[in-house]
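Working through the structure, step by step
Listed below are the residues making up each chain.
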Amino acid sequence: MRFALVIGVCLLPLFAAVPASATEQAKTQAPDRPSAESVRQTYRAQINDNTVTIMAGAAHGSDTEIVQDIAAVLDDGTALRVVPMIGKGPAQTVKDVLFMRGVDMGITHATVLSHFAKTGELGPLRSQIAYVAKLFNEEMHLLARAGIEDVQALDGKAVNFGPEGSGTEITARHVFATLGVHVSEVHLDDADAIAKLKSGEIDATIVIGGKPAPLLSQVEPDSGLKLISLPYAKGLEDETYPATLTDEDYPALIEDGTRIDTVAVCAVLVSFNWDDDSVRSKKLERFVERFFSNFDAFLVSPRHPKWQQVNFAATLEGWKRSPLAQNWIDRAKTAVAADAGAREQFETFLAQADTDVTPRSDEERTKLFRAFLEWSKTQQN
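Residues numbered from 1 in each chain as written. Predicted model: local features only at pLDDT ≥ 70, side-chain atom pairs only at ≥ 80, totals over all residues. Heavy atoms only, no water.

Concerning the side chain of S166
Following the sequence through the fold, S166 ends up in the loop between β5 (158-160) and α8 (167-179). Looking at S166, its side chain comes within polar contact range of the main-chain oxygen of P163, at 2.7 Å. (Helix = DSSP H or I, 4+ residues; strand = E, 2+ residues; numbered from the N terminus. Polar contact = N/O pair within 3.5 Å; in protein donor to acceptor, adjacent residues only side chain to side chain.)

See below:
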């Protein structure tokens, strides 16, 4: 008993030295750490707010490479993330842009847009769809077995027009009807069609894609298959463009030194026509700014050679350009005009200046022009 009392007396000062609120003080002094749930919410918001998706066509199509190029050039992981999506061709892409959750944009064909606008099966398409940019032409390839020398020889033969309802079917029917060639339609995807073409089960197949189309580039020289011409006949002017294929494009399918005439359709980057104040519109605005501002990066290797054909300011007749894209183009035109005016004033200034001011190299001229612009700003202010 006495021993316990001594211990208690000895420990009393130790407990007395610790304030009753020590635990609370430790909590207040410790740095605040976000909870795991708040971290997840932050990441979720950042990823969704900064991400846009682009639907391409089939996995082996050239537009898939184009979408991958867009992601490679524009995606920085923080301010903007571009997610390529593999779809089921230009016709399905229009439906996906209109109705599928999470699809912001897609690459389709002008012929497909015109088809759905005429049929009305997808609603008032011209008011619901806006084009971000008119891209490039994708060639129509008519691949035939040995013994087929021209498109007229396919009259009554089995020709693959692609899956039912596909963009290939829509365009092929229009072209063959205009040419007056009546065939027995087969509906296969490109890979299966080429296999059946090699086995002799069908006589020809249509492949639409920017040259060189990846799938056709893989056809062996000894396959017995060849590309044949599609004449650019009267009646095709409104929907297609004349095009050529050469042995450089397909050395295994076209004889050396020869060229094949064909037709092409216009590929278009489209989006839903969102309201200006919507969340989706804000994301598209961020994409448009980076896409147009960094366009020169698409013109160098290793980007697809089709980018060399793109004029993003070109108009698609009969369709409404995205207001976001139109705003960027209008600002760019104003800036170019202002720059041209400033350069004209600058050249006048140089012509009237003393010889000591005249630049002796392009580099000096550029530096002097920048200084002139800065001086002009101060005068305006």
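Overview of the packing of aromatic side chains
Going through the model one piece at a time under the given rule, you end up with 14 aromatic pairs. One cation-aromatic arrangement involves R126 over W319; the distance from NZ or CZ to the ring centre is 4.4 Å. (Phe/Tyr/Trp six-rings, centres within 6.5 Å; stacked < 30°, edge-to-face > 60°. Lys NZ or Arg CZ within 6 Å of the ring centre and 35° of its normal.)

Concerning the packing of helix α6 (residues 110-119) against α8
Packed helices, taken two at a time, are described by the angle their axes make and the gap between the axes. Where α6 contacts α8, the axes come no closer than 9 Å and their chain directions differ by 85°. The angle between α6 and α8 falls in the class roughly perpendicular. Mapping the contact onto sequence places T111, V112, H115 and F116 in α6 and G167, I170 and T171 in α8. For the contact of α6 with α8, the residue count by class is three nonpolar, four polar and no charged. (Axes fitted to C-alpha atoms, helices over the stretch in contact; angles between N-to-C directions. Parallel < 35°, antiparallel > 145°, perpendicular 65-115°, else oblique. Contact = heavy atoms within 4.5 Å. Nonpolar A, V, L, I, M, F, W, Y, C, P; charged D, E, K, R; others polar.)

Let's talk about the confidence of the model for the protein chain
Averaged over every residue, the pLDDT of the protein chain is 84; residues scoring 70 or more account for 79%. When mean pLDDT is taken per element in the protein chain, β5 scores highest with 97 and helix α1 (residues 2-16) scores lowest with 40. Within the model, pLDDT remains below 50 along residues 1-20, and this stretch shows zero contacts once partners closer than five positions in the same chain are excluded. (pLDDT = per-residue confidence, 0-100.)

Regarding the nonpolar core
Core analysis: the biggest nonpolar cluster contains 33 residues, and I70, L74, V82, L269, F287, F291 and F292 have the highest contact counts within it. Those elements that place two or more of their residues in this core are β1 (51-55), α4 (62-74), β3 (105-109), β4 (129-144), β10 (259-272), α11 (279-293) and α12 (323-352). In terms of residues, this core owes the most to one element, α4, which gives six residues. Setting aside residues no more than four positions away along its own chain, L269 makes contact with I54, M105, G106, I107, Y131, V132, A133, L135, F287 and F291. (Core = buried A, V, L, I, M, F, W, Y, C linked by side-chain atoms within 4.5 Å. Buried < 20%, exposed > 50% of the residue type's maximum accessible area, 1.4 Å probe, protein only.)

Describing unusual backbone geometry
Following K211, the chain continues into P212 via a peptide bond in cis, with omega recorded as -5°. Assignment of secondary structure puts P212 in the loop between β7 (204-209) and α10 (214-217). For the peptide bond that leads from S301 to P302, omega is 10°, which places it in the cis range. Relative to the helices and strands, P302 resides in the loop between α11 and α12.

Overview of the packing of helix α5 (residues 90-99) against α6
Contact geometry for α5 and α6: axes closest at 9 Å, N-to-C directions at 60°. The element α5 and its partner α6 pack so that their crossing is right-handed. Counting all contacts with α5, which are made through P90, A91, V94 and K95, the residues of α6 involved are V112, L113 and F116. Considering only residue class, the contact of α5 with α6 consists of six nonpolar, no polar and one charged. (Left-handed = near helix turned anticlockwise from the far one by under 90°.)

Describing the pattern of salt bridges
For the structure shown, the criterion picks out 15 salt bridges. E139 is paired through a salt bridge with K306; the nearest N and O atoms lie 2.7 Å apart. With E139 in strand β4 and K306 in the loop between α11 and α12, this pair connects stretches of sequence that are 167 residues apart. As a salt-bridge pair, R259 and D261 come within 3.6 Å of each other at their nearest N and O atoms. What makes R259 exposed here is its relative accessible area of 55%. On the basis of relative accessible area, D261 is assigned to the partly exposed category, the value being 39%. Counted as one network, the salt bridges with shared partners bring together D104, R280 and K283. (Salt bridge = Lys/Arg side-chain N within 4 Å of Asp/Glu carboxyl O.)

A few points about the environment of L142
You can see L142 is positioned in strand β4. Overall, the relative accessible area of 1% leaves L142 in the buried class. In this structure, the C-alpha to C-alpha distance between L142 and I206, residues 64 residues apart in sequence, is 4.9 Å. Excluding residues within four positions of it along the chain, L142 makes contact with V151, L154, F176, A204, T205, I206, K226, L227, I228, S229 and L230.

With respect to α5
By the criterion of burial, α5 is predominantly enclosed, with seven of the 10 residues buried. Along α5, the residues that are buried comprise P90, A91, T93, V94, D96, V97 and L98.

Overview of the side chain of K134
Its place among the elements puts K134 in strand β4. Notably, K134 is buried but unbridged: the nearest opposite-charge side chain belongs to E317, and the N-O separation is 7.9 Å. Ignoring anything within four residues of it in the chain, the contact list for K134 reads Y241, C266, A267, V268, V310, N311, F312, A314, T315 and L316. (Lys, Arg positive; Asp, Glu negative; His and termini not counted.)

Some remarks on the environment of P214
Within the fold, P214 resides in helix α10. Residue classification places P214 among the buried residues on the basis of a relative accessible area of 19%. For the pair formed by P214 and E65, sequence separation is 149 residues and the distance between their alpha carbons is 9.4 Å. The contact partners of P214, leaving out residues within four places of it in the chain, are H60, G61, S62 and E65.

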